[in-house]
Amino acid sequence: MRALLCILLICFGTTCLAQDPIQLIGRNTGEKLLSDGNEIRTFGFAQEIGENPGVPGPSLEVIEGDSVVIDFWNISQGAPHTIHLHGLDVDQQNDGVPHLSFEVHHMEHGFYRFKAPHPGTYVYHCHVVSSIHVQAGMFGLLIVRPAVGDNYTWEGGYNYWYESSLLMSEIDTNWHHDSVLLHDYDTNMSHHHVRIPKYKPQHFLINGLAEQQLDDLTIRGVNDGNLYLRLSNIGYFGNRIIFPSGLNARVIDSDGRPLPVEEVTDTLEILPGERYGVLAAPDSAFMDEVIVQYFNLNTGIVLNEQYVNVNIEDAAGIKESSKEVVRIYPNPATSSLTVEVGLQEAEIQIVDSQGRLILETSVTGSESFDIRNLPSGAYILSSRTALGIENHPFIKP
Ligand SMILES: [Cu+2]
């Protein structure tokens, strides 16, 4: 039985680790709901046909050393698009700068290939008339995770319990009219003259959200474990990030490289295109906010502030039970399987030996599932909580 479980775990593991090409679809007909209730037209990246491209696009994750292929399929009409891997060490051919690399036209596929270099936080974006296409929504986060493991900043770096990514941008709705978005484009030219309105953003975003929409975003942590923040700016304003002093924040990496000297600070400025890694080591439980200010690069004047909730929990109870956040019994299980979760909520999935999803639900406390109709065989129940992912193999005789 143990051998069977090992084989199953290996199969299960490989499905997770397989380096299939990452599919990105370019679309010019996105819609974005703003915090004031208005909808604007956007360009953007999706991962499925028919999916509204998000602003930002999907966050991509790869592992250091992986051979990565991004299959970019442009299904939109009008100007071509590209994918520029901002800050990543890739060769010129795969760098997405149109006249130095290649453009992907309507109904074409473009393949970007690279070996994932330094672990860190990067941004990808379209590089065709980039001032317009980035503002239109064609950008997203790219995280290179270290080969040593998910919860490390890099090999020999820091271990952390929680992480949060904040990607800042702005929106000027006057740039989202067809007169700007449907600009002329001549593929033979490396530079384009496009008339654009003066940039006066009215919306200041974090992960595409602003104002009351940010209630859905919380930076979580515990009072005796590290919390890693990935902070990036893809807007045209500068960002000043103000951390609650209880976070004991220090800047440890920048643009995908560890900083030679770490800086303990409650305030961090991020200029357009920059990314920073901040390690927080809170020593008490508290609730507060991270303040993000957006300032004009020419005048230095702060035009707007947004707030992200911070919730640092007391680790005492959580950590005691963390070796077994989720417990399942009996095993083997004939008629019912009970899933018991520690202090928090768990998202659980049961997959069969072929990796087929049998059940997906969330559990708080203890819940029993009727498994009389489940065919005999080996299964894996995987659970995801704020403390990580656990895999629990079980047998239905
Ligand atoms: Cu584009």
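Residues numbered from 1 in each chain as written. Predicted model: local features only at pLDDT ≥ 70, side-chain atom pairs only at ≥ 80, totals over all residues. Heavy atoms only, no water.

Enquirer: Looking at this structure, I do not really get the coordination of the copper ion. What am I missing?
Expert: The textbook angles at a metal center are 109.5 degrees for a tetrahedron of four donors and 90 or 180 degrees for an octahedron of six. Bound to the copper ion are the protein donor atoms H81 (ND1), C126 (SG) and H133 (ND1), situated 2.0 to 2.1 Å from the metal. Judged by relative accessible area, H81 falls into the buried class, the value being 0%. (Donors = N, O, S within 2.8 Å, 3.2 Å for Na, K, Ca; no water. Buried < 20%, exposed > 50% of the residue type's maximum accessible area, 1.4 Å probe, protein only.)

Enquirer: Can you help me understand empty space enclosed by the protein in this one?
Expert: To find the voids left in a structure, one rolls a probe of water-molecule size over its atoms. The full count for this structure, using the stated rule, is two cavities of 30 Å³ or more. Taken as a whole, the largest cavity spans an internal volume of roughly 60 Å³. Around the largest cavity, the lining residues are V55, V134, Q135, F139, S169, E170, I171, I234, G235 and Y236. Elements with a contribution of two residues or more to the lining of the largest cavity: α2 (130–136) and β9 (162–171). (1 Å grid on protein atoms, 1.4 Å probe; cavity = no way out; pocket = protein on both sides within 12 Å on 5 of 7 lines; lining within 4 Å. Points joined across faces, edges and corners; volume = space filled by probe spheres on them. Helix = DSSP H or I, 4+ residues; strand = E, 2+ residues; numbered from the N terminus.)

Enquirer: I tried to follow unusual backbone geometry on my own but got confused; where do I start?
Expert: Following V55, the chain continues into P56 via a peptide bond in cis, with omega recorded as 0 degrees. Residue P332 is reached from N331 by a cis peptide bond, and omega for that bond is 0 degrees. Among the structural elements, P332 can be located in the loop between β20 (326–329) and β21 (336–341). One non-glycine residue, E211, adopts positive backbone phi at about 50 degrees. Within the secondary structure, E211 sits in the loop between β10 (203–206) and β11 (218–222). Take E211: its relative accessible area is 42%, and that puts it in the partly exposed class. At N248, a position not held by glycine, the phi torsion is positive, near 50 degrees. Position of N248 among the secondary structure elements: in the loop between β13 (238–242) and β14 (250–254). Relative accessible area serves as the criterion here: at 31%, N248 is assigned to the partly exposed category.

Enquirer: Help me understand the environment of T121 in this model?
Expert: As for its placement among the helices and strands, T121 is situated in strand β7 (residues 120–125). The sequence separation of T121 and G87 amounts to 34 residues, and the corresponding C-alpha distance is 8.8 Å. Ignoring any residue separated from it by four or fewer positions in sequence, one finds T121 in contact with L141, L142, R230, S232, G256 and R275. In this structure the side chain of T121 is engaged in a polar contact, spanning 2.9 Å, whose partner is the side chain of R230. (Contact = heavy atoms within 4.5 Å. Polar contact = N/O pair within 3.5 Å; in protein donor to acceptor, adjacent residues only side chain to side chain.)

Enquirer: Just to check I follow, could you spell out the side chain of H125 for this structure?
Expert: Tracing the chain through its elements places H125 in strand β7. With near-sequence residues (within four places) excluded, H125 lies in contact with T82, I83, H84, H86, S130, V134, M138, F139 and I234.

Enquirer: Looking at this model, I keep getting lost on the pairing of strand β12 (residues 227–233). Mind explaining?
Expert: Successive side chains on a regular strand alternate, one facing one side of the sheet and the next facing the other. By the criterion of burial, β12 is predominantly enclosed, with seven of the seven residues buried. Alternating residues of β12 divide into L227, L229, L231 and N233 and Y228, R230 and S232, and every residue in both groups is buried. The pairing of β9 with β12 spans seven bridges and is classified as parallel. Its bridge partner lying in β12, L166 is registered against L231. (Pairing = 2+ DSSP bridges.)

Enquirer: Before we go on, may I ask you to explain the nonpolar core in this structure?
Expert: One recurring pattern in soluble globular proteins: nonpolar side chains tend to sit buried together. Counting 64 residues, the largest nonpolar core has I70 and F243 as the members making the most contacts within it. The dominant element in this core, judged by the number of residues it contributes, is strand β18 (residues 286–295), at four residues. Viewed by domain, this core spans two of them, domain 1 (21–153) and domain 2 (170–178 + 185–316), each represented by three or more residues. For I70, the residues in contact, after removing those within four places along its chain, are I22, L24, L60, I83, L85, G110, F111, Y112 and F114. (Core = buried A, V, L, I, M, F, W, Y, C linked by side-chain atoms within 4.5 Å. Domains from an automatic or database assignment.)

Enquirer: Help me understand the sheet that holds β21, please; the structure alone is not making it clear to me.
Expert: Hydrogen bonds between backbone groups are what pair the strands of a sheet, and the pairing can be parallel or antiparallel. The three strands are arranged β20-β21-β24 in an open sheet whose pairing can be described as antiparallel. Of all the strands in the sheet, just β20 and β24 (366–370) have a single pairing partner and so form its edges. The average angle at which neighbouring strand axes cross in this sheet is 20 degrees, direction not considered. Summarising the sheet, β21 and β24 pair through five bridges and their orientation is antiparallel. Residue V339 lies in a different strand from β24, and its bridge partner there is E367. (Axes fitted to C-alpha atoms, helices over the stretch in contact; angles between N-to-C directions.)

Enquirer: It is not clear to me how the sheet that holds strand β17 (residues 275–280) should be interpreted in this structure. Could you clarify?
Expert: Here we have six strands laid out as an open sheet, ordered β10-β9-β12-β17-β14-β15, and mixed in their pairing. Only two strands of the sheet have a single partner each, and these edge strands are β10 and β15 (257–264). Taking each pair of neighbouring strands and ignoring which way they run, the sheet shows an average axis angle of 20 degrees.

Enquirer: How should the pattern of salt bridges be read in this particular structure?
Expert: Where charged atoms of side chains with opposite charge meet at close range, the side chains can pair. Going through the model one piece at a time under the given rule, you end up with eleven salt bridges. Across the salt bridge formed by R250 and E262, the nearest N and O atoms sit 2.9 Å from each other. Within this pair, whereas R250 is found in strand β14, its partner E262 is found in strand β15, the two being separated by twelve residues in sequence. On the accessibility criterion, E262 (31% relative accessible area) is partly exposed. Here R275 makes a salt bridge to D255, at a shortest N to O gap of 3.3 Å. Taken together, the residues span a long stretch of sequence, with R275 in strand β17 and D255 in the loop between β14 and β15 at a distance of 20 residues. Given a relative accessible area of 3%, R275 falls into the buried group. Residue D255 is classed as partly exposed on the basis of its relative accessible area of 28%. Each of E61, R145, E163 and R230 takes part in salt bridges that share partners, so that together they form one network. (Salt bridge = Lys/Arg side-chain N within 4 Å of Asp/Glu carboxyl O.)

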